Structures are given as structure tokens and as C-alpha cells.
Amino acid sequence: MENRVIKTIKERVSCRTYSDKKVSLKKALEIAEAGKFAPSGKNRQIANIFVVNSKKYVERLRKLSVEQLNRDCMYGAKTILIVTGPREDAFTFQDCSCILENMFVAASALKIATCWINQFDELFQSKDGLKIKKQLGIPEDHRVVGSCILGYPKEGTVLAVKERKADFIKII
Ligand SMILES: Cc1cc2nc3c(=O)[nH]c(=O)nc-3n(C[C@H](O)[C@H](O)[C@H](O)COP(=O)(O)O)c2cc1C
């Protein structure tokens, strides 16, 4: 029988259509906690996770993406976990990516749908974006590496694991 953790990893898929049902703060924090336990380069723990649970701020982030990119980057999700680290640090991308993947897998284990959202570093460069970044308490010298939206798939959404290329793994 396949190990339950490995099975969860293999079942994770991105979801881009969410119902109005919000993930509880308790579950969002449980997922963020899994992110916190990701490895970090030299154990310096340079990253932060911003759990945006406030309806007001989720809406402001959604509006920011609609205004600047002409599309809703939030896909209707009501919670977003923004992962940041110092812009100039050599380990920021690696540390934040480990955190994000831990959170995707943890959410999958809790039957909560997710998707990596990549646009917020760019969106936070604008005047309005910079204001929101500041209000969220994200340090000025931090960049957003990625965000994890949380929610429940809209009724009728079909989520299928994508096929992986045949030569993904090389044995030497
Ligand atoms: C670095 C990175 C950036 C991504 N950015 C976005 C994004 O901005 N919006 C989005 O809908 N999906 C984004 N994704 C999700 C990918 O499109 C998705 O993982 C890929 O299509 C494979 O599908 P799966 O996650 O269901 O396996 C991103 C994924 C990664 C790893």
C-alpha cells in the first residue's frame, strides 16, 4: 500500500474555480504551520507567511489584480497565504518555495483546494500595491516569492492530476 503522505503529494492539483465557502482561520493557520516547518537555508528562517483572512484585504488584493492585469488572480478564493523573504537574500526563492510546497501538500491533506499565485510581487510595485503591501505589514525589503490561495472547488469543478512526462526521472 502506498504511503499516505506520498499519496497526498501525488493527489495535489491546482484549482482555479472556488465556491463562496471560506476556509476557517483554524485550518488556514494549520496550513501555515506546515509551511513554517519547511527547511530553510542554514536554518536562518528568513521568510514570513502572511495569512490574509480579512475579507477587506482579500477584496483589495483581488481588485488590485483586476485593475492592473484585467483579471482576477484570486479566482474567487477567500483566503491567501503570501510568502515573502528579503529581496536581496540568496536563499529567499528556495526557502519560500519550500514553504509554499509544504502548504500545498498540507492543504491537500485537509481536502482544501489551492493554487500558486505568482503576480503579487509585481502588483506590489505600483503605488496602490505598495500601499497594500505596507498595510499588510510586509517589510519594505521583502519580495513576494509566491502565494497560496485556499478554498473549496466550485460545484462541478473537475480536478485531475496532470500526467507527468515519461522521462522526468533519470536513473544513473
Ligand atoms: C512558480 C509557479 C508559479 C505559478 N504561478 C501561477 C499563477 O500565477 N497562476 C496560476 O493560476 N497558477 C500558477 N501556478 C500553477 C501552475 O500553473 C500549475 O502548478 C501547473 O499548471 C501544474 O498543474 P498542477 O499544479 O495541477 O499539477 C504556478 C506554479 C508554480 C510552481
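Relevant structure appears above.
As the structure is a prediction and not an experimental result, all values here were calculated from the model.

Here we come to helix α3 (residues 55-69). Its 15 residues give α3 an end-to-end C-alpha distance of 21 Å, which sits within 8% of 21 Å, the value for a rise of 1.5 Å per residue. The complete set of buried residues in α3 reads Tyr57, Val58, Leu61, Leu64 and Ser65. In a view along the axis of α3, the buried residues occupy a sector of 120°, so they form one face of it. For α3, the exposed residues lying more than 90 degrees away from the buried face are Lys55, Lys56 and Glu67. Two residues or fewer past α3, asparagine 70 is found with a positive phi of approximately 65°.

On to the pairing of strand β2 (residues 79-86). Along a regular strand, successive side chains alternate from one face of the sheet to the other. For β2, the buried fraction is high: eight of the eight residues fall into the buried class. Sheet topology places strand β1 (residues 48-52) next to β2; five bridges connect them, and they run antiparallel. Within β2, the residue paired with asparagine 48 across the bridge is threonine 84. Relative to strand β4 (residues 142-151), β2 runs antiparallel, the two sharing eight bridges. Residue leucine 81 lies in a different strand from β4, and its bridge partner there is cysteine 148.

This part is about the site of the ligand. Contacts to the ligand come from Arg12, Val13, Ser14, Arg16, Tyr75, Cys115, Trp116, Ile117, Asn118, Gln119, Lys162 and Arg164. Between an oxygen atom of the ligand and a side-chain N or O atom of serine 14, the distance comes to 2.5 Å. Here an oxygen atom of the ligand sits 2.4 Å away from a polar atom, N or O, in the side chain of lysine 162. In the complex, 64% of the free accessible area of the ligand, which totals 620 Å², lies under the protein chains. Broken down by class, the residue content of the shell around the ligand amounts to five nonpolar, three polar and four charged.

Pairing between side chains of opposite charge can happen when the charged atoms of each approach one another. If you walk through the whole model with that rule in mind, you get ten salt bridges. Linking lysine 78 and aspartate 20 is a salt bridge whose minimum nitrogen-to-oxygen distance equals 3.6 Å. Highlighted residues: lysine 78 in the loop between α3 and β2 and aspartate 20 in the loop between α1 (4-11) and α2 (25-36), separated in sequence by 58 residues. Where salt bridges share partners, they join Glu59, Arg62 and Asp72 into one cluster.

Reading the values: rules and limits
- Residues numbered from 1 in each chain as written.
- Predicted model: local features only at pLDDT ≥ 70, side-chain atom pairs only at ≥ 80, totals over all residues.
- Heavy atoms only, no water.
- Helix = DSSP H or I, 4+ residues; strand = E, 2+ residues; numbered from the N terminus.
- Expected span 1.5 Å × (residues − 1).
- Buried < 20%, exposed > 50% of the residue type's maximum accessible area, 1.4 Å probe, protein only.
- Arc of directions from axis to C-beta.
- Pairing = 2+ DSSP bridges.
- Near = heavy atom within 4 Å.
- Polar contact = N/O pair within 3.5 Å; in protein donor to acceptor, adjacent residues only side chain to side chain.
- Areas by Shrake-Rupley, 256 points an atom, 1.4 Å probe, with all protein chains shown as cover.
- Nonpolar A, V, L, I, M, F, W, Y, C, P; charged D, E, K, R; others polar.
- Salt bridge = Lys/Arg side-chain N within 4 Å of Asp/Glu carboxyl O.

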